[in-house]
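Chain by chain, the residues run as shown.
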Amino acid sequence: MQSRRDVLALLAALPGAGTALAQGEDWRRAYPELVLSVTPAENSGGVIDRFAPFADYLSRALGVKVTIRIANDYAAVIEGLRSGQVHIAHMGPAAYARASIVTQDGIEPLVTMANSEGAIGYYSVLYVRANDAARSLQDLRGRNLCLVDPNSASGNNVPRYAMSKLGLEPESHFDRVVYSGSHENAVIALSQGTCDAAFNWWNTERESNLQRMATKGMVKADDFRIVFRSELIPGSPVAMMRATPEPLRRAVQQAFMEASEKGREAFLRISDGNATGYVPVKAEDYRVMIDLSRYIDQMRRRRS
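Fair warning: this is a prediction, and the values are worked out from it, not measured in the lab. (Residues numbered from 1 in each chain as written. Predicted model: local features only at pLDDT ≥ 70, side-chain atom pairs only at ≥ 80, totals over all residues. Heavy atoms only, no water.)

Draft legend 1. Here's a closer look at the packing of helix α5 (residues 74-83) against helix α6 (residues 93-102). Packing of α5 against α6 brings their axes to within 10 Å, and their N-to-C directions diverge by 40°. Our classification of the angle between α5 and α6 gives oblique. In this structure, the crossing between α5 and α6 has a hand that is right-handed. Where α5 abuts α6, its residues Tyr 74, Ile 78 and Arg 82 lie against Ala 95, Arg 98, Ala 99 and Val 102. Counted by class, the contact of α5 with α6 contains five nonpolar, no polar and two charged residues. (Axes fitted to C-alpha atoms, helices over the stretch in contact; angles between N-to-C directions. Helix = DSSP H or I, 4+ residues; strand = E, 2+ residues; numbered from the N terminus. Parallel < 35°, antiparallel > 145°, perpendicular 65-115°, else oblique. Left-handed = near helix turned anticlockwise from the far one by under 90°. Contact = heavy atoms within 4.5 Å. Nonpolar A, V, L, I, M, F, W, Y, C, P; charged D, E, K, R; others polar.)

Below you can see the structure in the form of structure tokens.
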């Protein structure tokens, strides 16, 4: 059986192979600047405030400039990856699943974040105002619902799938269903009475979009109450296109995995000091989300 060294030597002997290998290793010449895009869970100012120090850490760790690009919506992040305008995407699992489908498995998940309890994954929860009499999804018939984005796992896909299992069709069960555009906007709409219930992401009692907003003084956490929580959702991945050089992808993966130690302050800022670190993931971990995205597509086609 040939050893790995023998195989590499054979490949290097092929015409043009040595140049290809060298180019693959020397990815910094082809990528002197990398763009990091983050799916919009909050307003653009909040994204910049949390991720700017981390972009600086990545620049030092990778040896090239890393800049942040603020996306208008989830679809913009996916299109940015596909067009090559975005190189690294910090995205939700449903957005990753959609990107995997539209690129025909051309995207690779690298890492995801483990929460304060060391668990990987999060939940979709449904909030109502604390003084609302509703205790379940069924109690909200004829009311207004806020979802987040068509490509949001906790803000759309998982809620729709969960409701279908309960025999509920959102567009007929609720008087009105609206997309808020971000998790923050969904909570604000709920607080202002634009909707009577809003789906959002939730990790633990300490870690959630609501707690983050409360810390920033945007809302009071006690003004809201959870009436539904989903099953565990795979953690939000950091992903890159498979067309980028393998050494580049591995370097990015390593930088994220080392961030909790080598870029600790920047890392803690991303998670508000709650996460324990980034851990590696693979495409198979998100197969359930890809299947769910296809299920949602079928539901949309049936309604059209």
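Draft legend 2. Spatial organisation of the pairing of strand β10 (residues 237-241). Of all the five residues making up β10, five are buried; the element is thus mostly covered by neighbouring parts of the structure. Sheet topology note: the strand β3 (residues 88-90)/β10 ladder contains two bridges and is antiparallel. By the bridge assignment, Ala 89 is partnered in β10 with Ala 239. In this sheet, β10 lies alongside strand β4 (residues 107-114) in antiparallel orientation, the contact comprising five bridges. Paired with Thr 112 across the strands is Pro 237, a residue of β10. (Buried < 20%, exposed > 50% of the residue type's maximum accessible area, 1.4 Å probe, protein only. Pairing = 2+ DSSP bridges.)

Draft legend 3. The environment of Ser 37, seen in detail. Tracing the backbone through its elements, the reader meets Ser 37 in strand β1 (residues 33-38). Spatially, the C-alpha atom of Ser 37 lies 17 Å from that of Ser 100, the residues being 63 residues apart in sequence. Among the polar contacts made by the side chain of Ser 37, one reaches the main-chain carbonyl oxygen of Arg 69 at a distance of 3.3 Å. (Polar contact = N/O pair within 3.5 Å; in protein donor to acceptor, adjacent residues only side chain to side chain.)

Draft legend 4. View of the nonpolar core. One finds Met 91, Ile 107 and Met 289 to be the most contacted residues of the largest nonpolar core, which totals 46 residues. In terms of nonpolar packing, the next biggest core, distinct from the first, is built from 29 residues, Phe 256, Ala 259, Phe 267 and Ile 270 among them. (Core = buried A, V, L, I, M, F, W, Y, C linked by side-chain atoms within 4.5 Å.)

Draft legend 5. Here's a closer look at the sheet that holds strand β11 (residues 277-280). Within the open sheet, the six strands sit side by side as β2-β1-β3-β10-β4-β11. Their pairing is mixed. With partners counted over all chains shown, the strands left at the sheet margins are β2 (65-70) and β11, one partner each. Along the sheet, successive strands turn relative to each other by an average axial angle of 25°, direction set aside. Sheet analysis places β1 next to β2, joined by six bridges and oriented parallel. Each bridged residue has a counterpart across the sheet, and for Leu 34 the counterpart in β2 is Val 66.

Draft legend 6. View of the packing of α6 against helix α14 (residues 287-303). Across the interface, α6 lies against α14 with an axial gap of 8 Å and an inter-helix angle of 80°. By the angle between their axes, α6 is roughly perpendicular relative to α14. In this structure, α6 contributes Pro 93, Ala 94, Ala 97, Arg 98, Ser 100 and Ile 101 to the contact, and α14 contributes Met 289, Ile 290, Ser 293, Arg 294, Asp 297 and Arg 300. Residues that form the contact of α6 with α14 fall into these classes: six nonpolar, two polar and four charged.

Draft legend 7. Structural context of the layout of surface pockets. In this structure, the largest pocket occupies an estimated 700 Å³ of space. Looking at the lining of the largest pocket, the elements with two or more residues in it are α4 (44-62), β4, α7 (153-165) and α10 (209-215). Classifying every residue of the lining of the largest pocket gives 14 nonpolar, 18 polar and six charged. Within this model, the second largest pocket holds a volume of roughly 360 Å³. Lining the second largest pocket we find 16 residues, and of these Val 158, Tyr 161, Lys 165, Glu 231 and Leu 292 sit closest to its centre. When contributions to the lining of the second largest pocket are tallied by element, the ones reaching two or more residues are α7, β9 (224-229) and α14. In terms of residues, the lining of the second largest pocket owes the most to one element, α14, which gives five residues. Class assignment for the residues of the lining of the second largest pocket results in 11 nonpolar, one polar and four charged. (1 Å grid on protein atoms, 1.4 Å probe; cavity = no way out; pocket = protein on both sides within 12 Å on 5 of 7 lines; lining within 4 Å. Points joined across faces, edges and corners; volume = space filled by probe spheres on them.)

Draft legend 8. Quick look at the packing of aromatic side chains. With the rule as written, the count across this model stands at nine aromatic pairs. Judged by centre distance (5.2 Å) and plane angle (85°), the ring pair of Tyr 161 and Tyr 295 falls under edge-to-face. Highlighted residues: Tyr 161 in helix α7 and Tyr 295 in helix α14, separated in sequence by 134 residues. You can call Tyr 161 partly exposed: its relative accessible area is 37%. Geometrically, the ring pair formed by Phe 199 and Phe 228 is edge-to-face, given 6.2 Å between the ring centres and 80° between the ring planes. Within this pair, whereas Phe 199 is found in strand β8 (residues 197-202), its partner Phe 228 is found in strand β9, the two being separated by 29 residues in sequence. When its relative accessible area of 0% is taken as the criterion, Phe 199 is described as buried. What makes Phe 228 buried here is its relative accessible area of 16%. The aromatic ring of Tyr 123 is capped on one face by Arg 229, whose charged end is 4.5 Å from the ring centroid. (Phe/Tyr/Trp six-rings, centres within 6.5 Å; stacked < 30°, edge-to-face > 60°. Lys NZ or Arg CZ within 6 Å of the ring centre and 35° of its normal.)

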